[in-house]
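Examining the three-dimensional arrangement
Residue-level listing of the chains:
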Amino acid sequence: MTPAVPKAELHCHIEGAASPALVRTQALKYGVDISGFITGDSYVWSDFTGFLAAYDGAAGLFRTEEDYAELAETYLRGIAEEGAIYAEIFVSPDHAKAAGLSTEGYFRGLAEGIARARGQCGIECRMILVGIRHLGAEAVEAAARLAASRPHRLISGFGMAGEERFGRVADYRRAFDIARDAGLGITIHAGELCGAGSVRDALDVVRPTRIGHGVRSIEDPALVRRIAGEGVVLELCPGSNVALKVFASMAEHPFDLLLRQGVKVTLNSDDPPHFQSSIGREYDAAAKTWGYDARQLIGITRTAVMAAFVDEPTREKLLGQLG
Ligand SMILES: Nc1ncnc2[nH]cnc12
Ligand SMILES: [Zn+2]
């Protein structure tokens, strides 16, 4: 275990971080049957579409400010125990709305959980507001407008998650223009389920400083050179990729190949209890699979902190924690 190595996570979906035990408690509270997506202490799904359904099912059980405060606090305290000093969580007002919670209540609840965890463990956290790709361009644009209105001081970025095989990146150009013009950090899921072309489109159309996953850029050497040359940071999630069968095993995951080709890579959990991942487990697995020592792991954390959507005094403070 590497709890002594300071860690930073840039890519975790807060609704996807709800443990089956917490979801079960919520289901009892609201009288909802969860047998379609949770069995015992595990989420049950067999492919990406099933995963998204399980994700939505769990999200539907967080309905109040306090529900979200507890979710954020529990998640952040857990990763602080694994050595995390910083986390960015993807937040999705569309999921809150579907569960009957106002966007204001959603952000207030999350912020309360973030404040509680910070008070207890010192962990810093920012929120990246995401639009959901398969809800369509209008919904993603509405999410971008909401983000651009700066509805909470802890929201520092905008991104897009969801079904990558839905629509074309160009359909979402306006949403990202709105968010970029508002000064928000920009990231987009690409190159997870779709190949290198999806990453190239994301770079051309969205001009992000970071890409969620981007891992399948490995299929195109020229694209890897471009990503390295432009200094675009990849939010890699090896455990997620293996669970979703994008790669057969950690040994076959190209994290180390990308690192060696000069790409700025970071380690992330994505949706921890769905994929048996966590930021600590990702660091542990990287150490085991690629033989990284503490200095190299801290280098990965430094890359994440440098790419974080955070104010400069906080970045300086975090860099100071890396020793
Ligand atoms: N791995 C993932 N890819 C795309 N959208 C997501 N939403 C939650 N997890 C996701
Ligand atoms: Zn993701």
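Each value, and the rule that gives it
- Residues numbered from 1 in each chain as written.
- Chains lettered and ligands numbered in written order.
- Predicted model: local features only at pLDDT ≥ 70, side-chain atom pairs only at ≥ 80, totals over all residues.
- Heavy atoms only, no water.
- Helix = DSSP H or I, 4+ residues; strand = E, 2+ residues; numbered from the N terminus.
- Rg over C-alpha atoms; globule rule 2.2 N^0.38 Å.
- Contact = heavy atoms within 4.5 Å.
- Areas by Shrake-Rupley, 256 points an atom, 1.4 Å probe, with all protein chains shown as cover.
- Lys, Arg positive; Asp, Glu negative; His and termini not counted.
- Charge placed at Lys NZ, Arg CZ, Asp CG, Glu CD.
- Near = heavy atom within 4 Å.
- Polar contact = N/O pair within 3.5 Å; in protein donor to acceptor, adjacent residues only side chain to side chain.
- 1 Å grid on protein atoms, 1.4 Å probe; cavity = no way out; pocket = protein on both sides within 12 Å on 5 of 7 lines; lining within 4 Å.
- Sits in = over half its atoms within 2 Å of the grid points.
- Nonpolar A, V, L, I, M, F, W, Y, C, P; charged D, E, K, R; others polar.
- Points joined across faces, edges and corners; volume = space filled by probe spheres on them.
- UniProt positions renumbered as here; feature names shortened; annotations may be inferred.
- Donors = N, O, S within 2.8 Å, 3.2 Å for Na, K, Ca; no water.
- Tetrahedral: all angles 85-135°; square planar, octahedral: opposite > 155°, others 65-115°.
- Buried < 20%, exposed > 50% of the residue type's maximum accessible area, 1.4 Å probe, protein only.
- Pairing = 2+ DSSP bridges.
- Axes fitted to C-alpha atoms, helices over the stretch in contact; angles between N-to-C directions.
- Expected span 1.5 Å × (residues − 1).
- Parallel < 35°, antiparallel > 145°, perpendicular 65-115°, else oblique.
- Left-handed = near helix turned anticlockwise from the far one by under 90°.

As a further point, take the overall build of the protein. When you go through the protein residue by residue, the secondary structure sums to 15 helices and 10 strands. For 323 residues, the compact-globule estimate of 2.2 N^0.38 gives 20 Å, and the protein sits close to it at 18 Å. Here the contacts in the protein between residues at least 6 apart in sequence split such that 72% fall between residues at least 24 apart. For the protein, the exposed area adds up to about 12500 Å²; of that, 52% sits on carbon and sulfur atoms. Of the charged side chains in the protein, 34 are positive and 42 negative; the average position of the first set lies 3 Å away from that of the second.

This part is about the site of ligand 1. Looking at ligand 1, the residues that line it are His-13, Phe-48, Phe-51, Tyr-55, Ala-161, Gly-162, His-189, Glu-192, His-213, Asp-270 and Asp-271. Taking Gly-162, its main chain carries an N or O atom lying 2.9 Å from a nitrogen atom of ligand 1. Within the side chain of Asp-270, an N or O atom sits 2.7 Å from a nitrogen atom of ligand 1. In this structure the site holding ligand 1 corresponds to the largest cavity. Top contributing element to the shell around ligand 1 by residue count: helix α2 (residues 48-59), with three residues. Looking at the shell around ligand 1, its residues break down into four nonpolar, four polar and three charged.

Looking now at empty space enclosed by the protein. Tallied over the full model, the rule gives one cavity of 30 Å³ or more. Roughly 170 Å³ of volume is contained in the largest cavity. Along its surface, the largest cavity is lined by 20 residues, and His-13, Phe-51, Leu-52, Ala-161 and Gly-162 are the ones closest to its centre. For the lining of the largest cavity, the element with the highest residue contribution is α2, accounting for five residues. Residues belonging to the lining of the largest cavity are distributed by class as follows: nine nonpolar, seven polar and four charged.

Take the UniProt feature "binding site: Zn(2+)" (unreviewed entry) in the protein next. Residues annotated in UniProt with the feature "binding site: Zn(2+)" (unreviewed entry) correspond here to His-11, His-13, His-189 and Asp-270. Spanning 260 residues, the annotated positions come together in the fold, the maximum distance between their C-alpha atoms being 11.8 Å. Those annotated residues that line the largest cavity are His-13, His-189 and Asp-270. Relative to the helices and strands, His-11 resides in strand β1 (residues 7-13). Not counting the four nearest positions on each side in its chain, His-11 is found in contact with Glu-88, Phe-90, His-189, Gly-212, His-213, Glu-235, Cys-237, Asn-268, Ser-269 and Asp-270. Among the polar contacts made by the side chain of His-11, one reaches the side chain of Glu-235 at a distance of 2.8 Å.

For the rest of this paragraph, the subject is the coordination of the zinc ion (ligand 2). Of the protein atoms, only His-11 (NE2), His-13 (NE2), His-189 (NE2) and Asp-270 (OD) coordinate the zinc ion (ligand 2), at distances of 2.1 to 2.3 Å. Note that the zinc ion (ligand 2) binds four donor atoms; their angles at the metal cover 86 to 172°, and the shape is irregular. Binding-site remark: the zinc ion (ligand 2) is held by donors from one chain whose sequence spacing is H-x1-H-x175-H-x80-D. Of this pair, His-11 sits in strand β1 while His-189 sits in strand β7 (residues 185-190), and the two are 178 residues apart along the sequence. Across the pair, exposure class does not vary: His-11 and His-189 are buried alike.

Here we come to the sheet that holds strand β9 (residues 233-236). Spatially, the eight strands line up as an open sheet ordered β1-β4-β5-β6-β7-β8-β9-β10, and their pairing is parallel. Only two strands of the sheet have a single partner each, and these edge strands are β1 and β10 (264-267). Each adjacent strand pair in this sheet contributes to an overall mean axis angle of 25°, direction not counted. Taken together, the two bridges between strand β6 (residues 155-161) and β7 define a ladder with parallel strand orientation. If you follow Gly-157 over to β7, its bridge partner there is Gly-185. Of the strands in this sheet, β4 (84-91), β5 (124-132) and β6 are in contact with helix α5 (residues 103-121), which crosses β5 at around 155°.

What follows concerns helix α3 (residues 65-81). Given a rise of 1.5 Å per residue, 17 residues ought to cover 24 Å, and the 24 Å separating the end C-alpha atoms of α3 matches this to within 8%. All of the buried residues along α3 are Asp-67, Tyr-68, Ala-69, Leu-71, Ala-72, Glu-73, Tyr-75, Leu-76, Ile-79 and Ala-80. Taken from the residues just after α3, Gly-83 is the one with a positive phi, measuring 110°.

Right, let's talk about the packing of helix α1 (residues 20-30) against α3 for a bit. Axis separation between α1 and α3 bottoms out at 12 Å; the angle between their running directions is 165°. Between α1 and α3, the angle falls in the class roughly antiparallel. Along this stretch, α1 crosses α3, giving a crossing that reads as right-handed. The residues of α3 that touch α1, namely those facing Leu-22, Gln-26, Lys-29 and Tyr-30, are Asp-67, Glu-70 and Leu-71.

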